[in-house]
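Listed below are the residues making up each chain.
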Amino acid sequence: MHAPDEAELSSAKQRVEELRAQIDHHNYRYYVLDAPEVSDAEFDGLLRELRGLEGRHPELLTPDSPTQRVGGSVGALFAPIRHSARLLSLDNVFDDEELVAWRDRVVKGLGREPTYVGEPKIDGVSIAVAYQRGRLVRGATRGDGDVGEDVTANVRTIRAVPARLRGGAPPDWLEVRGEVFLRVADFERINLEMGAAGKPLFANPRNATAGLLRQKDPNVTAGRPLTVYFHGLIRIDGKSPPSYSATLAYLRELGLRTHPEAKMLGTLDDVRAYVADMAARRHALEHEIDGAVIKVDRFADANELGATSKFPRWAIAYKFPAEEQTTKLRDIQVSVGRTGAVTPFAMLEPVRVGGVTISMATLHNAEEVARKGVLIGDTVVVRRAGEVIPEVVAPIPSLRDGSERAFVMPRDCPVCGTPIVRPEDEAVARCPNLQCPAQVLARIVHFASRGAMDIEHLGERTAGEMLDRGLVATPADIFYLTPDQLGQLPNFKEKSIANLSAAIGAAKDRPIDRLLYGFGIRHVGASAARALADAFGSIDRIAAAPSEEIAAVEGVGDVIAGAVRAYFDRPETKEQLERLRGAGVRLEEQRASRTGPLTGQTFVITGTLAAFSREEAKTRIEALGGKVTNSLSSKTTYLVVGDSPGTKLDKAAKLGVATLDEAAFTRLLAGDPPG
Ligand code: IVH
């Protein structure tokens, strides 16, 4: 083997530097500006080329090479590190009154109103990262604020943390503070993988972030998409920017990611509006937040205000209601739904979460209980986010005392005593007894519900009382109730009897898709019901149609068709239809399916159109009698192709479906030939 000649080495060296600069630049475009210039594949190509060159010329390898995200020394992992300055925590406010009180103290301290910056309060893990002459030298957790743990090897694996700063003149020492987090989508994907591998799940994104940051093997951390936003200076040797807003701009110039939702706020009303906006968009952000942080912008003002031993006076966290809490799981019971599904649910020690007090939470099904490893008597994490029903997230096994016991799915239906069945290939256990009072009640409640026949004044309580008194046994019976019978219900007087009678009368004339949906046939949701009603125009025709004909309806298919057929084949259904007919309930109608030049044609849209939103394009097609669906099939007439189309384009080619670009689509809408 001979030494590589000088010329070759020098050209390799030059190329290595070029590649590193390009990769750093693309990382900056991607992570800081959120405006990548190259595709992932092109980026990977650069990285691959660099790795190849470094492999052939190990003497060119440096620790800050973008290829060196893993494999560094981990000897110092978790050793204590003293931060250059104390990392203070934030004081909290929980409502407008407390916010105004904080702002009044600020105004009093300064003698005037300062400008502020608002920022989301990221629910992640706080870290401190130090750069010496522009090179990443260490990353540490916050710890107690003075001393944290060395997590440099793991921080290096976070691709949004640059190994070297941009620009020619970095400060000698720059120590910044930031929040490491996982996007919710990435968290969910990781948990799916963990579940599939039979490993315990992470309770939430913050938990997962903390776990990954404290991984002993940085290769594991490297495989996970941790990311970061920086939100403060700890120490800068050199000229400091004069304000927080200038700091954010400076950090971005250096290649350090800052939050895109940070905003300058001039008045108290701006601050209030910012907090309200963040609260409203809490679940629309990519990552979890637990509040908004308001900071006095100018450092001169901030210094004047100073800090207590724990908190700065110049910043405040406006905390949103916690969406997770821990509480005791008292018991697991089961409920029986409309289709007989037997679902375990948790009886909890009441706890305030997501702004309301809950004492029950769903556990979905027995498999889920086993998968989560929840025992009766456990202390559990419960969650209620937005409008979502409360759920038990995970147990806290370290708090067990040995008295906990496993949940066993009952053998028999707790309501009617019929043995519960569970088909091998289904997660759901069912009570097979169609006459089970729990199912009958749930069917009636569903039938009367807003999305179905919309019978006002007929909720779960009233339906239950009707059943108890033997006034109804099936939904059709509702239409035969006499005022006398309604008068037997507790607290039903003349007025309430008249109201309910009128509501029942009005429901006789509902569109037939509502009736069909109200039947509560398995798999038939509101949109399948609409498709069937549009296609057949009559309940009797659906009831008489062979399975293949039902399955051929766009948006239906074999599974739904099978369930519909099975439902209408039951003798009880036939009887019910006659009762409905006898009561004068509408069973057929002229469906207003618009006809026009596009009648009989089906469209699928992919990618972004310049002149129309998806909804607008859909409305235009439907106005001309055409149909728009999401799934491409050989029945599709045209695939309309916008910018950045998805995989549907390939699929259309395979299926031989004609495509229209936006210009051709516009011509078609105008009544001209598309091609
Ligand atoms: S500023 C002295 N800004 O919240 C002020 N903190 O409850 C330093 N946090 O430990 C903090 N998002 O880890 C700031 N946009 C943000 C933040 C944020 C999350 C964390 C931070 C801090 C904790 C205090």
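Residues numbered from 1 in each chain as written. Predicted model: local features only at pLDDT ≥ 70, side-chain atom pairs only at ≥ 80, totals over all residues. Heavy atoms only, no water.

**Q** Looking at this model, I keep getting lost on the site of the ligand. Mind explaining?
**A** Taken together, 16 residues form the shell around the ligand, and within it E119, S126, R177, E179 and K295 come nearest. At a separation of 2.7 Å, a nitrogen atom of the ligand approaches a polar side-chain atom of E119. Contact with the protein chains removes 90% of the 530 Å² of surface that the ligand exposes when unbound. If you tally residues by element for the shell around the ligand, the top one is strand β3 (residues 116-122), at four residues. Class assignment for the residues of the shell around the ligand results in seven nonpolar, three polar and six charged. (Near = heavy atom within 4 Å. Polar contact = N/O pair within 3.5 Å; in protein donor to acceptor, adjacent residues only side chain to side chain. Areas by Shrake-Rupley, 256 points an atom, 1.4 Å probe, with all protein chains shown as cover. Helix = DSSP H or I, 4+ residues; strand = E, 2+ residues; numbered from the N terminus. Nonpolar A, V, L, I, M, F, W, Y, C, P; charged D, E, K, R; others polar.)

**Q** Got a minute to help me understand the pairing of strand β12 (residues 324-336) in this structure?
**A** Side chains on a regular strand alternate between the two faces of the sheet. In this sheet, strand β15 (residues 379-383) lies alongside β12 in antiparallel orientation, the contact comprising five bridges. Its bridge partner being in β15, K328 is matched across the sheet by T379. The pairing of β12 with strand β13 (residues 341-353) spans seven bridges and is classified as antiparallel. Each residue of the ladder has a partner; that of L329, found in β13, is L348. From the end of β12 to the start of β13, which pair antiparallel, there are four residues, and G340 there has a positive phi angle of about 90 degrees. (Pairing = 2+ DSSP bridges.)

**Q** Would you mind showing me how to read the sheet that holds strand β21 (residues 658-661) here?
**A** In sheet architecture, strand pairing relies on hydrogen bonds along the backbone and comes in two forms, parallel and antiparallel. Pairing in this open sheet of four strands is parallel, and the strands run β19-β18-β20-β21 from one edge to the other. Only two strands of the sheet have a single neighbouring strand rather than two, namely β19 (627-628) and β21. With four bridges joining them, strand β20 (residues 638-641) and β21 adopt parallel strand pairing. Considered in β21, the bridge of L639 is made with T659. With respect to the sheet, helix α22 (residues 614-623) is in contact with β18 (602-606) and β19, its orientation differing from that of β18 by roughly 165 degrees. Together, β18, β20 and β21 form the strand contacts of helix α24 (residues 662-669), whose direction differs from that of β21 by roughly 95 degrees. (Contact = heavy atoms within 4.5 Å. Axes fitted to C-alpha atoms, helices over the stretch in contact; angles between N-to-C directions.)

**Q** Whenever I open this one, the environment of G118 confuses me. Can you help?
**A** Structurally, G118 is set in strand β3. A residue is classified by how much of its surface remains accessible, and G118, at 0% relative accessible area, is buried. Residues G118 and S527, spaced 409 residues apart in sequence, show a C-alpha to C-alpha distance of 42 Å. When near neighbours in sequence (up to four residues on either side) are disregarded, G118 contacts E261, A262, K263, L265, Y274, V293 and I294. (Buried < 20%, exposed > 50% of the residue type's maximum accessible area, 1.4 Å probe, protein only.)

**Q** In this structure, what is going on with the pattern of salt bridges? I would like to understand it.
**A** Pairing of side chains with opposite charge becomes possible as their charged atoms draw close. In the structure shown here, the tally under the stated rule is 40 salt bridges. The shortest N-O distance in the salt bridge between R103 and E113 comes to 2.7 Å. In this pair, R103 is assigned in helix α3 (residues 96-110) and E113 in the loop between α3 and β3, connecting sequence segments ten residues apart. The partner of E149 in a salt bridge is R214, with the nearest N and O atoms 2.9 Å apart. With E149 in strand β6 (residues 147-149) and R214 in the loop between α6 (205-213) and α7 (218-222), the pair connects residues that are 65 residues apart, well separated along the chain. Relative accessible area serves as the criterion here: at 24%, E149 is assigned to the partly exposed category. In this structure, a network of salt bridges that share partners links the residues R282, E288, E323, E324 and R383. (Salt bridge = Lys/Arg side-chain N within 4 Å of Asp/Glu carboxyl O.)

**Q** Would you take a moment to explain the nonpolar core for this structure?
**A** Soluble globular proteins: nonpolar side chains tend toward being buried together. Membership of the largest hydrophobic core comes to 54 residues, with the highest contact counts inside it found for I455, F519 and F568. Excluding residues within four positions of it along the chain, I455 makes contact with A448, I478, L500, A503, I504 and A507. Listed in part, the 34 residues of the second largest apolar core include L174, M194, L212 and I236. (Core = buried A, V, L, I, M, F, W, Y, C linked by side-chain atoms within 4.5 Å.)

**Q** Whenever I open this one, the state of the cysteines confuses me. Can you help?
**A** Where two cysteines share a covalent bond between their sulfur atoms, that bond is called a disulfide. For the coordinates displayed, the defined rule picks out zero disulfides. Not engaged in a disulfide, the cysteine C413 finds its nearest cysteine sulfur in C416; these two sulfurs lie 3.7 Å apart. As a non-bridged cysteine, C416 has C431 as the owner of its nearest cysteine sulfur, 3.6 Å distant. (Disulfide = S-S within 2.5 Å.)

**Q** Can you walk me through the packing of aromatic side chains in this structure?
**A** For any pair of aromatic rings, the description rests on two quantities: the centre-to-centre distance and the angle between the ring planes. Taken as a whole and assessed by the stated rule, the structure comprises ten aromatic pairs. Relative to Y116, the ring of W102 has its centre 5.9 Å away and its plane inclined at 50 degrees; by these criteria the two rings are tilted. In this pair, W102 sits in helix α3 while Y116 sits in strand β3, placing the two residues 14 residues apart along the sequence. Note on accessibility: W102 and Y116 belong to one class, buried. For the pair F519 and F568, a centre-to-centre distance of 6.3 Å together with 75 degrees between the ring planes defines the contact as edge-to-face. A residue pair is termed long-range when its members are at least 10 positions apart, and F519 in the loop between α16 (512-518) and α17 (526-536) and F568 in helix α20 (residues 558-569) qualify at 49 residues. F519 sits in the buried class, given a relative accessible area of 5%. (Phe/Tyr/Trp six-rings, centres within 6.5 Å; stacked < 30°, edge-to-face > 60°.)

**Q** Help me understand the pairing of β13 in this model?
**A** By the bridge criterion, two bridges tie β13 to strand β17 (residues 429-430) in an arrangement that is antiparallel. Its bridge partner lying in β17, A341 is registered against R430. Hairpin connection between β13 and strand β14 (residues 356-362): a loop of two residues separates the two successive antiparallel strands, and G354 in this loop has a positive phi of roughly 60 degrees.

**Q** Would you mind going over the sheet that holds strand β8 (residues 227-236) with me for this structure?
**A** Sheet architecture is open: four strands sit in the order β5-β4-β7-β8, paired in antiparallel fashion. Single-partner strands in this sheet number two, and they are β5 (135-141) and β8. Across the sheet, the axes of successive neighbouring strands diverge by a mean angle of 30 degrees, strand direction being ignored. Sheet topology note: the strand β4 (residues 125-132)/β5 ladder contains six bridges and is antiparallel. Within β5, the residue paired with A130 across the bridge is R138. Sheet contacts for α6: β4 and β7 (173-181); angle to β4, the most-contacted strand, approximately 40 degrees. Lying on the sheet, helix α8 (residues 244-253) is in contact with β7 and β8; it crosses β8 at an angle near 115 degrees.

Remember that the coordinates give geometry; whether it matters functionally is a separate question.
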